[in-house]
Amino acid sequence: AEQGPSTDINNGVAVARWIHSALVDGQASAWLWWWYQSDYTDDNEGLILRSGSDTKRHYTLGNFSKFVRPGYVRVAVTGNSSSDLLLSAYKGTDGKEVVVAINQGTSSLTVPIAISGGTAPASVTPWVTSSTDNLVSKTAITVSGGSFTATLPSMTVTTFVSN
């Protein structure tokens, strides 16, 4: 999943796991991908393969970079009841709240998710990267009592953005 020219979701989830680990475990304040497109070889150095083929790592990076913007800070999030689930949450000075959920397992998970601190939004919009979706917006989910329940298909990266 991490070597050789890859456009599949396994590689996308591996990259999302690297980003999660850097931000949550390493407490990094930023994360970047150095090469946009592979130049001389398709060894996964680029977000786009040398042939021009797009990759899932390009979209899973987008699950973070499109929504977790400069100035956002990581905040507490609860709901992780599975070793296959990686959760992180962020809050911006613009009042937006973002949760990134990585289901790296082979089974779908249904979990309650709550962000600590601030005013809870009325709803969140999930943006999904999977074997078939490339950072696609889905139907908004109602937030009640500061939390919501999400179903996360296997091998997906889903970003929930407050509305």
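This structure is a prediction, so every number in the text was calculated from the model and none was measured.

Please provide a residue-by-residue account of the overall build of the chain, values included.
Of the regular secondary structure elements, the chain holds two helices and 12 strands. In sequence order, the secondary structure elements of the chain are arranged as α-β-β-α-β-β-β-β-β-β-β-β-β-β. Relative to the 2.2 N^0.38 estimate, which gives 15 Å for 163 residues, the radius of gyration of the chain is 16 Å and therefore close to what a compact globule would have. Seen through its principal axes, the chain has C-alpha atoms that stretch 50 × 35 × 25 Å.

Run through the pairing of strand β6 (residues 97–103), naming residues and quoting values.
A large share of β6 lies buried, amounting to seven of its seven residues. Alternating residues of β6 divide into E97, V99, A101 and N103 and V98, V100 and I102, and every residue in both groups is buried. Hairpin remark: strand β5 (residues 85–91) followed by β6, antiparallel, with five residues in the connecting loop; positive phi at G95, about 90°. When β6 meets strand β12 (residues 156–162), the two strands line up antiparallel, connected through six bridges.

Quick rundown of the packing of aromatic side chains? Include the residues and the values.
Centre-to-centre distance and the angle between the planes together describe a pair of aromatic rings. Enumeration according to the criterion identifies four aromatic pairs in this entry. Ring geometry for W18 against W33: centres 6.4 Å apart, planes inclined by 10°, an arrangement best described as stacked. Highlighted residues: W18 in helix α1 (residues 9–25) and W33 in the loop between α1 and β1 (35–37), separated in sequence by 15 residues. For the pair W31 and W33, a centre-to-centre distance of 6.1 Å together with 50° between the ring planes defines the contact as tilted. Residue W31 is classed as partly exposed on the basis of its relative accessible area of 28%. The class of W33 is buried, set by a relative accessible area of 18%. By the ring-pair criterion, three or more aromatic residues cluster together here, those being W18, W31 and W33. Seen from the ring of W127, K66 lies directly overhead, with NZ or CZ sitting 5.3 Å from the centre.

Can you tell me about a nonpolar patch on the surface, naming the residues and giving the values?
There is a patch of nonpolar side chains on the surface, built from L32, W34 and W35 and spanning about 430 Å² of accessible area. Mapping W35 onto the fold places it in strand β1.

With reference to specific residues and values, describe the pattern of salt bridges.
All told, the structure shown has two salt bridges when counted by the stated rule. K91 is the partner of E97 in a salt bridge, and the nearest nitrogen-oxygen pair spans 3.0 Å. Among the residues examined, E97 registers a relative accessible area of 4% and is labelled buried. For K91, a relative accessible area of 23% puts it in the partly exposed group. With its nearest N and O atoms 2.9 Å apart, the salt bridge here joins K138 to D133. A relative accessible area of 37% places K138 in the partly exposed class.

Report on the environment of S38, specifying residues and quantitative values.
Relative to the helices and strands, S38 is located in the loop between β1 and β2 (46–48). Here S38 is in contact with E45, G46, I48, L49 and R50, once residues within four sequence places are set aside.

Break down the layout of surface pockets for me, with residues and values.
Taken as a whole, the largest pocket spans an internal volume of roughly 340 Å³. As for the largest pocket, its lining consists of 17 residues, of which L23, S29, A30, W31 and V68 are closest to the centre. Counting only elements with at least two residues in the lining of the largest pocket, the list comes to α1, α2 (56–65) and β3 (73–75). When the residues that make up the lining of the largest pocket are grouped by side-chain class, the tally is 12 nonpolar, three polar and two charged. In this model, the second largest pocket occupies a volume close to 160 Å³. Looking at the second largest pocket, the residues that line it are P126, V128, S130, D133, K138, I141, A150, T151, P153, T156, T158 and F160.

Calculation criteria
- Residues numbered from 1 in each chain as written.
- Predicted model: local features only at pLDDT ≥ 70, side-chain atom pairs only at ≥ 80, totals over all residues.
- Heavy atoms only, no water.
- Helix = DSSP H or I, 4+ residues; strand = E, 2+ residues; numbered from the N terminus.
- Rg over C-alpha atoms; globule rule 2.2 N^0.38 Å.
- Buried < 20%, exposed > 50% of the residue type's maximum accessible area, 1.4 Å probe, protein only.
- Pairing = 2+ DSSP bridges.
- Phe/Tyr/Trp six-rings, centres within 6.5 Å; stacked < 30°, edge-to-face > 60°.
- Lys NZ or Arg CZ within 6 Å of the ring centre and 35° of its normal.
- Patch = residues over 30% accessible without salt bridge, like charges linked within 9 Å, V, L, I, M, F, W, Y side chains within 5 Å.
- Areas by Shrake-Rupley, 256 points an atom, 1.4 Å probe, with all protein chains shown as cover.
- Salt bridge = Lys/Arg side-chain N within 4 Å of Asp/Glu carboxyl O.
- Contact = heavy atoms within 4.5 Å.
- 1 Å grid on protein atoms, 1.4 Å probe; cavity = no way out; pocket = protein on both sides within 12 Å on 5 of 7 lines; lining within 4 Å.
- Points joined across faces, edges and corners; volume = space filled by probe spheres on them.
- Nonpolar A, V, L, I, M, F, W, Y, C, P; charged D, E, K, R; others polar.

That is the geometry; function is a separate question.
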